[in-house]
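Listed below, chain by chain, are the residues.
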Amino acid sequence: MILDKIVEATKIRVAQEKEVEMPKAVKAAALALPSDTGFPFEVALRQQDFNFICEVKKASPSKGIIAEHFPYLDIAKEYEVAGAAAISVLTEPDFFKGDKKYLQEIASTVKIPVLRKDFIIDEYQIYQAKVWGASAILLICACLDVPTLTKFRELADSLGLSSLVEAHDEKEVQMAIDCGARIIGVNNRNLKDFTVDVQNSVRLRNLVQDDVIFVSESGLETPEDIQVLRDNNIGVALMGETFMRSPNKVEKLAYLYGPTYYTPKVKMCGISKVDTIPAVVEAKPNYMGLVFAPSKRQVTVDQAKTLVEELHKQYAKTYSAVEAPMNAGTAQDSKEFVQENPNFESIKTVGVFVNETVDNLVAIANEVNLDAVQLHGDEDEAFIQALKEKTDVEVWKAVQIRSAADAEAWIDSSADMLLFDAYHKDERGGTGEVFDWSCLDEFERPFMLAGGIDSTNVARAIRTVRPYGIDISSGIETDGVKDDEKIKAFTNIVRTIAH
Ligand SMILES: O=C(O)c1ccccc1NCC(=O)[C@H](O)[C@H](O)COP(=O)(O)O
């Protein structure tokens, strides 16, 4: 059987590797790394009701070369952008054309967890996985007995690595359970004859308790395959070849997930230069944010007036012929045009403030022609109510989140919109930091999600949190300056995945 050949080759390979890098040194390097990882692989596989582990694979014994052209780092980055929960990276060189460098480089580039996919027969390989940056290892029941599986799983645990324990039949599923696996993968491919049957994981699903993460592996291709898994209480798919052969992995994953059945609003915040307006107009977010609070993105009232006027002018020029063809071109200026065409919705403008007085907020909102004010300071509910009595513009309250209680405290607020952002000791916003979205799991009121959103995490943010809207600032910047290409790329991702 092919597996015997691979295991024999692995024994030789591991022996050779031990000659080059002494086991004592590799073990010491692994033990020097933090073991309190929080097991991000497992966390990611539980984050959504359905999760994908996407594989970076050049070749396989059953299919031969899958990817002649193999830009492994770009592939991994695309998986992350697409919204993969984790990435599986082959390191087995002889049969899968894998390489340790693929794992090392990918793990140090993407933020999502990475699985070392190899034929682990020696503790040495587990220490290697840790040193190379993996968050998880694969343990194959067909290669190991239960005491060894248990020993390896416990060693991985002690290093903060998760173990995906792979089985193919009833006997092996029982082995996986007996070794204490918290993640069990059922391979739909029979390694004896390479036949694939997606029903194999479905058939074995009920042997595994619900608190164990169950992964269906191999041979998955279509949304229908994924639906079969979902219908049978399987929450994770590990897919390689299908993704490797897809020219656009973001589109492929969106197709496999199916429609989101909603499109989140988008607010692009911290626009401070007229040069950025064409990119904003082209991207057509729902809101453009202007920061009046002290910040590297701060604008004066005069600059804000220019930015808003320019936004409306360019927007009307770009879209009036399409969206309001009857009146296009008759109005004297963009403000007049918008007044004459009440159904013509331009991008709304949101002013961001920290501890500004009610009177100043009202005055600035009127002068700049803002649609909303966003309060990022210590404004309380009484302040919001006082403000709402004096203005018709929307009042948004930004809340920094450290726990679910921080959000819950605002559930009954009279604010028109709540915006949840990452907590920062010294800064009020625009930090580029992500908070733990699970704090919002039970929050039942529409909200804007902010805090470190960028092209690499927006797909997961939308699918996991399903916020009313997404707020982005640092994520569309390069070296602190708004970046037209990032604005475009971000917009394309949101449009591809959310519909
Ligand atoms: O952006 C700022 O510099 C800022 C300064 C002070 C208060 C609020 C600020 N920004 C508010 C926003 O709405 C940001 O878009 C939000 O905090 C998210 O920022 P980021 O994490 O950079 O995407």
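Throughout what follows, the structure given in this document is the object of discussion. Remember, it's a predicted structure, so these values are computed and weren't measured experimentally.

### Notes on the environment of valine 165
(1) Moving on: Counting through the fold element by element, valine 165 comes out in strand E7 (residues 162-167).
(2) Moving on: For the pair formed by valine 165 and threonine 300, sequence separation is 135 residues and the distance between their alpha carbons is 58 Å.
(3) Moving on: Sequence-distant contacts of valine 165, defined by excluding residues within four places in its chain, comprise Leu139, Cys141, Leu149, Ala176, Cys179, Ala181, Ile183, Ile184 and Gly185.

### Let's talk about the sheet that holds strand E4 (residues 86-90)
(1) Moving on: Strand order in the closed barrel made by the 8 strands is E1-E4-E5-E6-E7-E8-E9-E10, with parallel pairing throughout. Each adjacent strand pair in this sheet contributes to an overall mean axis angle of 25°, direction not counted.
(2) Moving on: Pairing geometry for E7 and strand E8 (residues 183-187), over 4 bridges, is parallel. Paired with alanine 167 across the bridge in E8 is valine 186.
(3) Moving on: The sheet contacts of helix H13 (residues 249-257) involve strand E1 (51-56) and strand E10 (236-239), and relative to E1 the element is tilted by about 145°.

### Digging into the environment of serine 455
(1) Moving on: Relative to the helices and strands, serine 455 resides in the loop between strand E17 (447-449) and helix H20 (458-465).
(2) Moving on: Between the C-alpha atom of serine 455 and that of phenylalanine 490, which follows or precedes it by 35 residues, the distance is 5.2 Å.
(3) Moving on: Every residue in contact with serine 455, bar those within four places of it in the chain, is listed here: Val81, Ala489, Phe490 and Ile493.

### Quick word on the nonpolar core
(1) Moving on: Within the largest apolar cluster, 161 residues are counted, with the highest numbers of intra-cluster contacts made by Phe52, Ile87, Ile106, Val373, Phe420, Leu449 and Phe490.
(2) Moving on: Element by element, the count of residues in this core is highest for helix H15 (residues 301-323), at 7 residues.
(3) Moving on: Beyond its immediate chain neighbours, meaning those up to four positions away, leucine 449 contacts Phe420, Phe435, Trp437, Leu440, Ala461, Val465, Pro467, Gly469, Ile470 and Asp471.
(4) Moving on: Judged by nonpolar contacts, the second largest core, of 9 residues, contains Tyr287, Ala372, Met417 and Met448.

### Observations regarding the site of the ligand
(1) Moving on: The ligand sits among 22 residues. The nearest are Ser295, Asp421, Gly430, Asp471 and Ser474.
(2) Moving on: Between the ligand and the protein, one listed contact pairs an oxygen atom with a side-chain N or O atom of serine 474 at 2.3 Å.
(3) Moving on: Notes on the ligand: free accessible area 520 Å², of which the protein chains cover 98%.
(4) Moving on: Classifying every residue of the shell around the ligand by side-chain character gives 6 nonpolar, 11 polar and 5 charged.

### Examining the pattern of salt bridges
(1) Moving on: Summed over the entire model, instances satisfying the criterion amount to 27 salt bridges.
(2) Moving on: Across the pair arginine 230 and aspartate 49 runs a salt bridge, and its minimum N-O distance is 3.4 Å. Here arginine 230, found in helix H11 (residues 223-231), pairs with aspartate 49, found in the loop between helix H3 (40-45) and E1; they are 181 residues apart in sequence, far enough to count as distant.
(3) Moving on: Residues joined in a network through salt bridges with shared partners are Glu42, Arg153, Asp157 and Arg182.

### Concerning the pairing of E8
(1) Moving on: Most of E8 is tucked away, with 5 of its 5 residues classed as buried.
(2) Moving on: Here E8 shows two buried faces, one formed by Ile183, Gly185 and Asn187 and the other by Ile184 and Val186.
(3) Moving on: The handedness of the E7 to E8 crossover, carried by helix H9 (residues 170-178), is right-handed.
(4) Moving on: Across 5 bridges, the pairing between E8 and strand E9 (residues 213-217) is parallel. Bridging from a neighbouring strand, valine 186 pairs with serine 216 of E9.
(5) Moving on: Taken together, E8, helix H10 (residues 199-204) and E9 constitute a β-α-β crossover, and its handedness is right-handed.

Conventions adopted
- Residues numbered from 1 in each chain as written.
- Predicted model: local features only at pLDDT ≥ 70, side-chain atom pairs only at ≥ 80, totals over all residues.
- Heavy atoms only, no water.
- Helix = DSSP H or I, 4+ residues; strand = E, 2+ residues; numbered from the N terminus.
- Contact = heavy atoms within 4.5 Å.
- Pairing = 2+ DSSP bridges.
- Axes fitted to C-alpha atoms, helices over the stretch in contact; angles between N-to-C directions.
- Core = buried A, V, L, I, M, F, W, Y, C linked by side-chain atoms within 4.5 Å.
- Buried < 20%, exposed > 50% of the residue type's maximum accessible area, 1.4 Å probe, protein only.
- Near = heavy atom within 4 Å.
- Polar contact = N/O pair within 3.5 Å; in protein donor to acceptor, adjacent residues only side chain to side chain.
- Areas by Shrake-Rupley, 256 points an atom, 1.4 Å probe, with all protein chains shown as cover.
- Nonpolar A, V, L, I, M, F, W, Y, C, P; charged D, E, K, R; others polar.
- Salt bridge = Lys/Arg side-chain N within 4 Å of Asp/Glu carboxyl O.
- Right-handed = clockwise from strand over helix to strand, strands pointing away.

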